[in-house]
Amino acid sequence: MTKPSRTPTIKPYKGPSGGYGSARSVAEVLIREGVLVEGAEALAHQNKPGGFMCVSCAWAKPAKPHPAEVCENGVKATAWEITSHRVDTDFFARHTLTELESWLDYDLEEAGRLTRPMKWNPATDKYEPIAWDLAFREIGAQLRALSGDPDQTVFYASGRAGLETSYLFQLLARMYGTNNLPDSSNMCHESTSVGLKSAIGVPVGTVKLEDFEHSDCILFFGQNVGSNSPRMLHELQPAAKRGVPIITFNPLRERGLEEFTNPQSPLQMVTGSSTSISTQYYQPRPGSDIAVMTGMCKWLIERDDEAVAAGTARVLDYEFIATHTSGFEELAAFCRAADWAAIEQETALSRADIETAAATYARAKAVILVYGMGLTQHRFGVQNVHMACNLLLLRGNIGKPGAGPCPVRGHSNVQGQRTVGISEKPELVPLDIIATQFGFEPPRDKGLNTVEACEGILNGDVRGFIGLGGNFLRAIPDTERMEPAWSSLRLSVQIATKLNRNHLVPGEVTYLLPCLSRIERDVQASGPQTVSMEDSTSVIHPSFGDVEPSSKDLLAEATIVAEIAKATLPANPKLDWSAWTADYAKVRDAIAETYPEWFYDFNKRLKQPGGFYRDNKARRRDFTATESGLATFFAPTQLSATGFADAPGLMRLMTLRSNDQFNTTIYGYEDRLRDVSGTREILFMNPEDIAQYGLKDGDAVGLATDAPDGLAREMRGLKVFSYNIPRGSVGAYYPECNVLVPVGHYAEESMVPAAKSVPVRIIASV
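Summary of the structure given here. (Residues numbered from 1 in each chain as written. Predicted model: local features only at pLDDT ≥ 70, side-chain atom pairs only at ≥ 80, totals over all residues. Heavy atoms only, no water.)

In this section: the overall build of the protein chain. Secondary structure summary: the protein chain contains 31 helices and 34 strands in total. Over its C-alpha trace the protein chain gives a radius of gyration of 25 Å, about what one expects of a compact globule, namely 27 Å for 766 residues. For the protein chain, the spread of C-alpha atoms along the principal axes amounts to about 80 × 60 × 55 Å. In the protein chain, buried positions account for 66% of the 766 residues. Restricting to contacts in the protein chain with at least 6 residues of sequence separation, those with at least 24 account for 79%. (Helix = DSSP H or I, 4+ residues; strand = E, 2+ residues; numbered from the N terminus. Rg over C-alpha atoms; globule rule 2.2 N^0.38 Å. Buried < 20%, exposed > 50% of the residue type's maximum accessible area, 1.4 Å probe, protein only. Contact = heavy atoms within 4.5 Å.)

The following block contains the structure:
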């Protein structure tokens, strides 16, 4: 088995994203996982009608797909799941959990697919096989023992499970008696859910895939398409070719937003040509997007003021503002009073650059604003989202073709699981319908989100944890504090396909339950099953697994959840868990009964090519779900989203993902698009900052968090790497640098960990 090189090298990569670099990386991972033939067969069906939906990102799937509707990371995700490598009983007999804790994240998952249900034996510190029926009985007994206070238990969902399993999971939690349903959205796009809901009445974006064909300007804020959602380049490349201005604001110059060679274009591959993506590329400091958008809004409002005074054509869409919005005057007053010197100081951009972007925006009739966690993961991340809406609302760019906010989600069904009830907020779930539908009284108190769950584990209030996928202990902040606290849990249950860091930190009683992948054939009593998920554009897709399961001992996620429910809860005459898991169509019927507005005729509509669209009122300019009943302008309270003041020696740390990973899954050590190979122990620094600190490339340094709680958080052994990043800012890889993010450093209102602007200082490496 050939593993990625661990010999650190930093060599310039001047090529585009995609191209032969992407093709070579794809071939290497298929060979490394021993699935070159099987992988090629599976990829022919990935994101296609009658095939399976990618287990990686949530980007939209077209009704008429490309010949290969895949990207580099999507191929890696598929190869990772259908790998020929196995983690079997013998593997766990050879290794203690203490030993495995010393393994790198890549090596843990590269070991292969889990094959049998396991239970941790504290006497031997090893996982040992356990029969499925015994595991369910024991888990049920443990949950019942904790049920005197159901809020002691957390039910966490990672965002990969289909709608059917997600619906079952939230029902299990609520019938158990708690709304403790945190999920991966709490760590990334909760700022979107809160910000969009208050501004336009819906917690999701309004853009559909076809809007990219009608847009005449696209704005990007804090989203790295080349690493996080490469298939979006299928929409950006033709837009760029027809002359659509694409304006990017991102602290780093990301290759995918600069140049793209389409691996599916024979002409580009043969000629080595590429498409320039961004027409304007600006690098603001991390956390300064409020100031950037304030400057753009200021220019638009003041030009409109001049037009009114001169009696010329308006710059703002005053008819839309008057008819559909509230709060304009408050925003306008803030922007008019904003000082350009302060905006320039906060952003490190010139007034001329911001005004150029604003003028380009003003000339466009239909504008899409794409954003990612570069907006949401800040102390004032919700205000970032509000400012994005403000910018769009000023020119009526919500509720018309080719326009609107487009938040790019991560996990493949993270938006969908929220749609069917995975939420700690009871007001977002139709509890009255659920109560009537299933004959029980759901809990009405707010549950724990991810940060609150972490706080509960740290202080001992949380005693049980059921994890539906994911690598919770690696994804969360403050990992060096959280891992020791995990041992205080009475019960830890992990439903997973592959081994990860969380599985090596046991509670008092710990189970590791292996499940089928979405790619694998799921055959139940009624025959082969279909699952469904919702992409970033609110389209519901079916997914058909057709790969032979990795082990005959695997169970479907839905079956595992249902069996835990049967072992834990009293019988309910209105709910037959076994009938549901025998035929997932029955689960979809139940979902349709709970959510009739969105899922009427669920099973019938799921057969539509390209899936079906879940209604979005804001797309129809129906903003009645906001507090005012109108789309709402929100004036920010400050220009910086960081939540801390600049000070001598203080740097803004932003976390990064490489193009060889997806969330916490590390596929290798090749960040090809940032010129780094063989290591993840890198600190990206501006060359002038390197000189100021008396450092040089390759020097080892450390970082220390400047946190108000007084606790020491340090990370050492990072190699300095000169990079095009704004002065006073540094970048380092996620999830490794989560040790530097305090649990209490999160976005106001949404409680998303503020991992894109952490106050740190440079310290010695040892």
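Read on, since the account is not over.
Tyr167, Phe169, Leu513, Trp577, Trp580 and Phe599 are the most contacted members of the largest nonpolar core, which has 64 residues in total. Setting aside anything within four residues of it in sequence, one finds Trp577 in contact with Leu168, Leu171, Leu172, Met175, Ala562, Ala565, Lys566 and Leu569. In terms of nonpolar packing, the next biggest core, distinct from the first, is built from 58 residues, Phe249, Phe328, Ala362 and Val385 among them. (Core = buried A, V, L, I, M, F, W, Y, C linked by side-chain atoms within 4.5 Å.)

Moving on, we come to the pattern of salt bridges. In this structure the tally under the stated criterion is 48 salt bridges. Of the charged contacts in the structure, one is a salt bridge between Asp478 and Arg481, with a shortest N-O distance of 2.9 Å. Asp478 sits in the buried class, given a relative accessible area of 1%. Linked by salt bridges that have partners in common, Glu72, Lys76, Asp660 and Arg672 make up one network. (Salt bridge = Lys/Arg side-chain N within 4 Å of Asp/Glu carboxyl O.)

Moving on, we come to the sheet that holds strand E6 (residues 126-129). Across the sheet, which stays open at both edges, the six strands sit in the order E6-E5-E18-E17-E16-E7 with mixed pairing between neighbours. Looking at the sheet topology across the chains shown, the edges are occupied by E6 and strand E7 (153-157). Ignoring strand direction, the axes of neighbouring strands in this sheet form an average angle of 20 degrees. In terms of strand pairing, strand E17 (residues 491-496) meets strand E18 (residues 509-514) through six bridges, oriented parallel. Bridge pairing in E18 links Ser492 to Thr510. (Pairing = 2+ DSSP bridges. Axes fitted to C-alpha atoms, helices over the stretch in contact; angles between N-to-C directions.)

Let us now look at the packing of aromatic side chains. Across all of its chains, the model carries 31 aromatic pairs by this definition. Aromatic pair Phe684 and Phe721: ring centres 5.5 Å apart, planes at 50 degrees, arrangement tilted. One end of the pair, Phe684, is in strand E30 (residues 682-685); the other, Phe721, is in strand E32 (residues 714-722), with 37 residues separating them in the sequence. Phe721 carries the same exposure label as Phe684, and that label is buried. An aromatic cluster is built from Tyr595, Trp598, Phe599, Phe602 and Phe612, whose rings are joined through pairwise contacts. The ring of Tyr613 has Lys208 lying over it, and the distance from NZ or CZ to the ring centre is 4.3 Å. Directly above the aromatic system of Tyr281 lies the positively charged group of Arg253, at a separation of 4.3 Å from the ring centroid. (Phe/Tyr/Trp six-rings, centres within 6.5 Å; stacked < 30°, edge-to-face > 60°. Lys NZ or Arg CZ within 6 Å of the ring centre and 35° of its normal.)

Here we take up the environment of Ser350. Of note, Ser350 is situated in the loop between helix H17 (340-347) and helix H18 (351-363). A relative accessible area of 29% places Ser350 in the partly exposed class.

With that out of the way, let us pick up the side chain of Asn397. One can find Asn397 in the loop between helix H20 (381-394) and strand E15 (404-407). For Asn397, the side chain forms a polar contact with the main-chain nitrogen of Val367, separated by 3.0 Å. (Polar contact = N/O pair within 3.5 Å; in protein donor to acceptor, adjacent residues only side chain to side chain.)

Turning our eyes to something else, we now look at a nonpolar patch on the surface. A surface patch of nonpolar side chains, about 290 Å² in accessible area, is lined by Ile31, Leu36 and Val37. Within the fold, Val37 resides in helix H2 (residues 36-43). (Patch = residues over 30% accessible without salt bridge, like charges linked within 9 Å, V, L, I, M, F, W, Y side chains within 5 Å. Areas by Shrake-Rupley, 256 points an atom, 1.4 Å probe, with all protein chains shown as cover.)

A cluster of like negative charges, contributed by Asp149, Asp151, Asp445 and Asp461, occupies part of the molecular surface. Turning to its location among the elements, Asp445 is positioned in the loop between helix H22 (431-438) and helix H23 (450-459). Since its relative accessible area comes to 58%, Asp445 is described here as exposed. (Lys, Arg positive; Asp, Glu negative; His and termini not counted. Charge placed at Lys NZ, Arg CZ, Asp CG, Glu CD.)

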